[in-house]
Amino acid sequence: MGNTTLPSAPRDLTRRIARADQDKQRRRGRLDDCYRLAMPWRHLTDRHQDDPAAQDDVFDGTAVVSVKDFAGDLLSTFTPPSATWMRLEPDQGLGDAALRELEGPLEEIEATVMEAMAASNLYEALQVGYADLAVGTMALLVQDIDPTEPIHVEAISVSDLLVDRGPYGRVDGRWRKFKLRADEVPILWPDAKTFSLPKTGDAEVDVTDGLYRDLTRRDDEVWKYAVLCGGKALVQRELVGEGACPIIVARWDTDAKTAWGHGPLMSVLPEVKTANYVTERMLEALDYALQPVTSYPDDGVIDVSGGIAPGTWIPMAQGSEIRPIVSGANFDVSQFSLQDLRSRIRDALFQDAPRQNGLTPPTATQWQEQAAAKAKRMGAPVGRLVTELLRPLFLRFAFLLRARGKLPAQIRFKGQPVKLRAQSPLLKAMQQSEAQRVDQFLVTTSQTVGPETTAMWIDMEEALRYRAKLYDIPAKLVRTQAQVQQIIAQQQALQAPPVEPQQ
């Protein structure tokens, strides 16, 4: 008879998960506040959803609308569905000839990966994940559930997510902690040892699945994956290779003391709370104004210690006249404070486009200045999102497509393997300011000392190649040095005077 005893979860793994759970509990209050006021339909960190009636406690929708617009802006800026938002480049220095030869195969790989992304539900999941990024941390699960279907992408809810910070500040541990029906476990993990699970399919079990980076392995990227249930390990695997990690975690801003990110919504959480409170008080004042409390003469005694609802009639002493009790609330002051709060919330979530307050619309200069300021404020998170989201997403899809046989295992040049790296055109677009600086220098120098002196002091051929690199011009559009020399020789031959035949 076979062994029916499941191995206990590795002690190092349980220690990491417990540490990640403690880290999350320390930030639970602020996380819940963000989701309760900006995404009230989502689950909170305790894995429970508020009563649907609790959404009625949200009185100001500025944060709700701004978070949705923020997610849409990130989708169109960082991962536009109709554009190639990641490109492949050789990781080692190669000459122009090598780049020309590799350009075709690399473009084919890029097109195959982007087609697979478009066929999957990636962009729907990204829309959900980018909303989480407004709070600070987003996570995606990318897996091949069926070779006959597109690759499946799922946004992991903050209620299920656990993350652990590694020694280099990266998210080295990432897990899901959630409930499943017992009969769903063998569907999700066919190799799971399920004989200890309840036999009733409808019975729910607590499952934790995820992985952490094995930093003791320097030869390759190695992840330790496990599925835990009741303190026992149902599945244990070792995932090896660039793109092998199925859970992708990205953060907007980082803190050296936690694995969780700090998003723009969390920065203006006080403003969100205050705007919600001010709006609630204004609605109450409006209710009193529309249904004023009214007094009338009576011999009885009234107890108002429990408050007075709008529309209430209050008995007063005999001889009193029937009259409404006017509220002293100042709507003008509340409206002024509320507009300022809403403006700060929109600014934090980059929804600060020039607004038309009067009859005159914003000028083109205002739009340009606002766009420049927005790009400057978004500059810091761009590099992190490329490192933690865009590049891992591209590499994960490429990893799964290679497993399907849709991509070659390696790209070779003259029989030697070429190591590739994924590069975001978004980062290269930021290099255009450097290209514009070079252009300005060349123009100013030429105007100051003249074109001939400029050509004498500056290697124009190298300057042109440097500008083409900064502007991300395809290598096939730039002639090689040998081709340039050949054209120069042909031109010189045409300009040379004809040789007269000797008599």
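Look up: the structure comes first, before these words.
Reading the values: rules and limits
- Residues numbered from 1 in each chain as written.
- Predicted model: local features only at pLDDT ≥ 70, side-chain atom pairs only at ≥ 80, totals over all residues.
- Heavy atoms only, no water.
- Helix = DSSP H or I, 4+ residues; strand = E, 2+ residues; numbered from the N terminus.
- Buried < 20%, exposed > 50% of the residue type's maximum accessible area, 1.4 Å probe, protein only.
- Contact = heavy atoms within 4.5 Å.
- Areas by Shrake-Rupley, 256 points an atom, 1.4 Å probe, with all protein chains shown as cover.
- Pairing = 2+ DSSP bridges.
- Axes fitted to C-alpha atoms, helices over the stretch in contact; angles between N-to-C directions.
- Parallel < 35°, antiparallel > 145°, perpendicular 65-115°, else oblique.
- Left-handed = near helix turned anticlockwise from the far one by under 90°.
- Phe/Tyr/Trp six-rings, centres within 6.5 Å; stacked < 30°, edge-to-face > 60°.
- Polar contact = N/O pair within 3.5 Å; in protein donor to acceptor, adjacent residues only side chain to side chain.
- Salt bridge = Lys/Arg side-chain N within 4 Å of Asp/Glu carboxyl O.

### Considering the overall build of the protein chain
Argument step 1. The number of helices and strands found in the protein chain is 15 helices and 15 strands.
Argument step 2. When the 503 residues of the protein chain are sorted by exposure, 39% land in the buried category.
Argument step 3. Of the contacts made within the protein chain by residues no fewer than 6 positions apart, 68% connect residues no fewer than 24 positions apart.
Argument step 4. Accessible surface, the protein chain as shown: approximately 28400 Å² in total, 53% of it carbon and sulfur.

### Comments concerning unusual backbone geometry
Argument step 1. Within the chain, Phe350 stands out as a residue other than glycine whose phi angle is a positive 65°.
Argument step 2. In this fold, Phe350 is placed in the loop between helix H9 (331-348) and helix H10 (364-403).
Argument step 3. Judged by relative accessible area, which is 7%, Phe350 ranks as buried.

### Section: the sheet that holds strand S4 (residues 161-165)
Argument step 1. If you trace the 5 strands from one edge of the open sheet to the other, you get S4-S5-S6-S7-S8, paired in antiparallel fashion. At either end of the open sheet lies a strand with only one pairing partner, and these are S4 and strand S8 (232-240). In this sheet, adjacent strand axes meet at a mean angle of 15° when their direction is disregarded.
Argument step 2. Direction of pairing for strand S5 (residues 171-181) relative to strand S6 (residues 204-213): antiparallel, over a ladder of 9 bridges. Residue pairing across strands places Leu180 opposite Val205, the latter belonging to S6.
Argument step 3. Contacts between helix H1 (residues 11-26) and the sheet are confined to S4, S5, S6 and strand S7 (222-229), with S4 contributing the most and set at about 105° to the helix.

### Focus on the packing of helix H2 (residues 28-38) against helix H8 (residues 269-290)
Argument step 1. Orientation of H2 relative to H8, taken along the N-to-C sense of each, is 45°, at an axis distance of 11 Å. Between H2 and H8, the crossing angle belongs to the class labelled oblique. Read as a crossing pair, H2 and H8 show a hand that is left-handed. Across from Arg30, Asp33, Cys34 and Leu37 in H2, the residues of H8 making contact are Leu269, Val272, Lys273 and Asn276.

### What about the packing of aromatic side chains?
Argument step 1. Scanning all chains against the criterion turns up 3 aromatic pairs.
Argument step 2. Aromatic pair Phe70 and Trp252: ring centres 5.5 Å apart, planes at 70°, arrangement edge-to-face. Separated by 182 residues along the polypeptide, Phe70 in helix H3 (residues 62-78) and Trp252 in the loop between strand S9 (247-251) and helix H7 (264-267) bring together distant segments of the chain.
Argument step 3. Overall, the relative accessible area of 7% leaves Trp252 in the buried class.
Argument step 4. A network of ring pairs unites the aromatic residues Phe70, Trp252 and Phe350 as a single cluster.

### Considerations on the sheet that holds strand S2 (residues 137-143)
Argument step 1. Sheet architecture is open: 3 strands sit in the order S3-S2-S9, paired in antiparallel fashion. Two strands in the sheet have a free side with no partner beyond their single neighbour: strand S3 (152-155) and S9. Within the sheet, the average angular offset between the axes of one strand and its neighbour, ignoring direction, is 20°.
Argument step 2. Here S2 runs beside S9; their pairing, made up of 5 bridges, is antiparallel. The residue of S9 that forms the bridge with Thr137 is Arg251.
Argument step 3. The sheet contacts of helix H5 (residues 122-135) involve S2, S3 and S9, and relative to S2 the element is tilted by about 155°.

### Topic: the side chain of Arg42
Argument step 1. The topology assignment puts Arg42 in the loop between H2 and H3.
Argument step 2. For Arg42, the side chain forms a polar contact with the side chain of Asp132, separated by 2.7 Å.

### Quick word on H2
Argument step 1. Taken together, the buried positions of H2 are Leu31, Asp32, Asp33, Cys34, Tyr35, Leu37 and Ala38.
Argument step 2. Taken together, the buried residues of H2 touch H3, H5, H7 and H8.

### Some thoughts on the pattern of salt bridges
Argument step 1. For the structure shown, the criterion picks out 25 salt bridges.
Argument step 2. Of the charged contacts, one joins Asp12 and Arg16 as a salt bridge, the two residues approaching to 3.0 Å between their closest N and O atoms. With a gap of 4 residues between them, Asp12 and Arg16 both fall in helix H1, about one helical turn apart.
Argument step 3. Note that Asp209 is salt-bridged to Arg176, the shortest N-O span being 3.0 Å. Within this pair, whereas Asp209 is found in strand S6, its partner Arg176 is found in strand S5, the two being separated by 33 residues in sequence.
Argument step 4. The buried category is assigned to Asp209, whose relative accessible area is 3%.
Argument step 5. Each of Arg217, Asp219, Lys224 and Glu238 takes part in one network of salt bridges that share partners.

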